[in-house]
Amino acid sequence: MIRKQISDRVAAKSFAFVHQHNLVYNTCWEDPRLDREALCLGPQDDVLVITSAGCNALDYVLAGARRVYAVDLNFRQNALLERKLAGIRRLDYAAFFELFGQGQSPRIRELYADVLRAELSPRAQRWWDKRLSFFRPRGWRKTFYFRGTSGFFARMINEYIDRVVGLRDEVQAMLDAPCLAAQQELYARIRDVFWSGLLRWLVRRDATLSLLGVPRPQREHLERTVPGGIAGFVEDCVDAVFGKLPLADNYFWRVYLTGSYTPACCPEYLKPENFARLQAGLVDRVSTHTTSVCQFLRHHEQPISRFVLLDHMDWLAAVDEHALQEEWQSIVDRATPGARFIWRSGGLETVFVDRQVVRYRERRLAVGELLSYDRALAARLHPFDRVHTYGSFHIAEFPGARDQAGEPGVPLDVATPTPAALVGSHG
């Protein structure tokens, strides 16, 4: 027991060190195609999203959101989004695509010094001043998309493909396949070679998974609930991406397998027509905030109608469940009637969300009693997730104006245990 406690602490500290001292995500790893359908964005919606790389914050304003607040504790993630916002405001499309489509530019020094730097906050300036090499087209990590901790993992996977299993031509052929049937045929031919014993060993390591933002509790949950454990889960995910879903528009995997996007396979903000829309004024609807979700909501006076919580609650539930409870209280305090929430999880369930007890309209109740889940829509969308690395996708709605009378719960002066019904999975 003591050995496990020490091991858990070491794993948690290692994960925190990676995430608190590095740019972790150089591109978003959540599929906004699903988000658009789940969120039903309209011109009245203000969105809170955890920044990550900022790609999806831009997608939400393209989808019609009135305002998007990108919130992240890691200032490096906000510095990246700031740089994208600056590029949209000040660069032409060709220069912008060099930086964020190709991930490299031979004129990075002049673009940054002469155009972009003045648009950044002082903290972002100080950080980017020392990292122009991220976009220089030379060296082992010759593209921005091989930078950051997730980019380092991507570069290692490319080394594995090129030097260990020698499958570069086959991988490129799958990316360029004219149809899904041709792609499936190619993958069936190389699958057993790709999944070597070395790769299976690597995906079981906490150090490897930390580079991808997977905390140890996520891995342990999958080890308990999925046949084959984490290695089996990852193998199933890759089988789905390459063997079931078309790669033609899967820009998530293309950028990590090649180091760049193409004009035909890229996030929406990198398409010429959408870049023009952003530059014409939509970009001003996005703002960055380096703080926690809880602190942002406590100091933000306007209500929020859409919340995009990614998978960070997996981590909070494992290391600081009190912080998770405080976060949900701040969400409940600031959500509009009928607000919608989406989040993802490395696990197959998020019971830890449902059991958080919050105050709502002078009552005390569990979040699972308060939210209405759209499990049918989540179940329909999740199999088509182009990223396909999350165990579950969740869509929930806050009570609407017509639902606020007669809500469940007990008066605030009554102690409330966690409901027994919330111990099981909510699917």
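Residues numbered from 1 in each chain as written. Predicted model: local features only at pLDDT ≥ 70, side-chain atom pairs only at ≥ 80, totals over all residues. Heavy atoms only, no water.

## Topic: the overall build of the protein
Moving on, step 1. Within the protein one finds 22 helices and 10 strands.
Moving on, step 2. When each of the 427 residues of the protein is scored for burial, the buried share is 57%.
Moving on, step 3. As presented, the protein carries roughly 18,500 Å² of accessible surface, and 54% of it is formed by carbon and sulfur atoms. (Helix = DSSP H or I, 4+ residues; strand = E, 2+ residues; numbered from the N terminus. Buried < 20%, exposed > 50% of the residue type's maximum accessible area, 1.4 Å probe, protein only. Areas by Shrake-Rupley, 256 points an atom, 1.4 Å probe, with all protein chains shown as cover.)

## Description of helix 8 (residues 148-164)
Moving on, step 1. Spanning 17 residues, helix 8 covers 23 Å between terminal C-alpha atoms, matching the ideal 24 Å at 1.5 Å per step.
Moving on, step 2. Most of helix 8 sits inside the fold, with 12 of its 17 residues counted as buried.
Moving on, step 3. Every buried residue belonging to helix 8 is among Gly 148, Thr 149, Ser 150, Gly 151, Phe 153, Ala 154, Arg 155, Ile 157, Asn 158, Glu 159, Tyr 160 and Ile 161, and all of these are buried.
Moving on, step 4. The first or second residue beyond helix 8 is Gly 166, which carries a positive phi of 60°. (Expected span 1.5 Å × (residues − 1).)

## Observations regarding a nonpolar patch on the surface
Moving on, step 1. Together, Val 164, Leu 198 and Trp 201 line one region of the surface with nonpolar side chains, adding up to about 310 Å² of accessible area.
Moving on, step 2. As for its placement among the helices and strands, Trp 201 is situated in helix 11 (residues 197-202). (Patch = residues over 30% accessible without salt bridge, like charges linked within 9 Å, V, L, I, M, F, W, Y side chains within 5 Å. Salt bridge = Lys/Arg side-chain N within 4 Å of Asp/Glu carboxyl O.)

## As for the side chain of His 300
Moving on, step 1. Tracing the chain through its elements places His 300 in the loop between helix 17 (293-299) and strand 4 (304-308).
Moving on, step 2. Residues in contact with His 300, not counting those within four places in the same chain, are Tyr 69 and Arg 334. (Contact = heavy atoms within 4.5 Å.)

## Considerations on the pairing of strand 4
Moving on, step 1. Buried residues dominate strand 4, accounting for 5 of its 5 residues.
Moving on, step 2. Of the strand pairs in this sheet, strand 1 (residues 46-50) and strand 4 are connected by 3 bridges, and their pairing is parallel. Looking across to strand 4, one finds that Val 47 is bridged to Arg 306.
Moving on, step 3. Bridge analysis of strand 4 against strand 5 (residues 335-345) gives 4 bridges, and the strand direction is parallel. For Arg 306, the partnering residue across the bridge sits in strand 5 and is Arg 340. (Pairing = 2+ DSSP bridges.)

## Side note on the environment of Leu 58
Moving on, step 1. One can find Leu 58 in helix 3 (residues 55-62).
Moving on, step 2. On the accessibility criterion, Leu 58 (0% relative accessible area) is buried.
Moving on, step 3. It is 9.2 Å that separates the C-alpha atoms of Leu 58 and Leu 81, two residues lying 23 residues apart in sequence.
Moving on, step 4. Beyond its immediate chain neighbours, meaning those up to four positions away, Leu 58 contacts Leu 81, Leu 85, Ile 88, Tyr 269, Leu 278 and Val 286.

## Looking at unusual backbone geometry
A negative phi holds for most residues other than glycine; trans holds for most peptide bonds.
Moving on, step 1. Even without glycine at this site, Cys 40 takes up a positive phi of about 50°.
Moving on, step 2. Along the chain, Cys 40 falls in the loop between helix 2 (32-39) and strand 1.
Moving on, step 3. Even without being a glycine, Glu 362 presents a positive backbone phi close to 65°.
Moving on, step 4. For Glu 362, a relative accessible area of 63% puts it in the exposed group.

## Points about the confidence of the model for the protein
Moving on, step 1. Put simply, the protein has an average pLDDT of 88, and 85% of its residues get 70 or more.
Moving on, step 2. Predicted confidence for residues 1-18 stays below pLDDT 50, and this span has 18 contacts to residues more than four positions away or in other chains.
Moving on, step 3. Every residue in residues 404-427 scores below 50 in pLDDT, and together they form 45 contacts with partners more than four places removed in sequence or on other chains. (pLDDT = per-residue confidence, 0-100.)

## Comments concerning the nonpolar core
Moving on, step 1. Core analysis: the biggest nonpolar cluster contains 127 residues, and Trp 128, Tyr 269, Phe 307, Trp 328, Phe 341 and Trp 343 have the highest contact counts within it.
Moving on, step 2. Sorting elements by how many residues they give to this core places helix 4 (residues 75-90) first, with 7 residues.
Moving on, step 3. By size, the runner-up hydrophobic cluster in this structure holds 5 residues, among which are Leu 222, Val 226, Ile 230 and Cys 237. (Core = buried A, V, L, I, M, F, W, Y, C linked by side-chain atoms within 4.5 Å.)

## Re the packing of aromatic side chains
Moving on, step 1. Summed over the entire model, instances satisfying the criterion amount to 31 aromatic pairs.
Moving on, step 2. A centroid spacing of 4.8 Å and a plane angle of 80° characterise the contact between Trp 127 and Trp 128, whose relative ring orientation is edge-to-face.
Moving on, step 3. With 5.4 Å between their ring centres and 75° between their planes, Tyr 360 and Phe 398 make a pair best called edge-to-face. Of this pair, Tyr 360 sits in strand 6 (residues 357-360) while Phe 398 is found in the loop between strand 9 (392-397) and strand 10 (410-411), placing the two residues 38 residues apart along the sequence.
Moving on, step 4. When its relative accessible area of 5% is taken as the criterion, Tyr 360 is described as buried.
Moving on, step 5. By relative accessible area, Phe 398 is classed as buried at 4%.
Moving on, step 6. The ring of Trp 128 is capped by Arg 83, whose NZ or CZ atom sits 4.3 Å from the centre of that ring.
Moving on, step 7. Of note, Arg 123 hangs over the ring of Phe 75, and the distance from its end group to the ring centre comes to 3.8 Å. (Phe/Tyr/Trp six-rings, centres within 6.5 Å; stacked < 30°, edge-to-face > 60°. Lys NZ or Arg CZ within 6 Å of the ring centre and 35° of its normal.)

## Points about the pairing of strand 9
Moving on, step 1. Most of strand 9 sits inside the fold, with 5 of its 6 residues counted as buried.
Moving on, step 2. With 6 bridges joining them, strand 5 and strand 9 adopt antiparallel strand pairing. If you follow Trp 343 over to strand 9, its bridge partner there is His 394.
Moving on, step 3. Relative to strand 9, strand 8 (residues 372-373) runs antiparallel, the two sharing 2 bridges. Opposite Tyr 373, over in strand 9, you have Ala 396 as the bridge partner.

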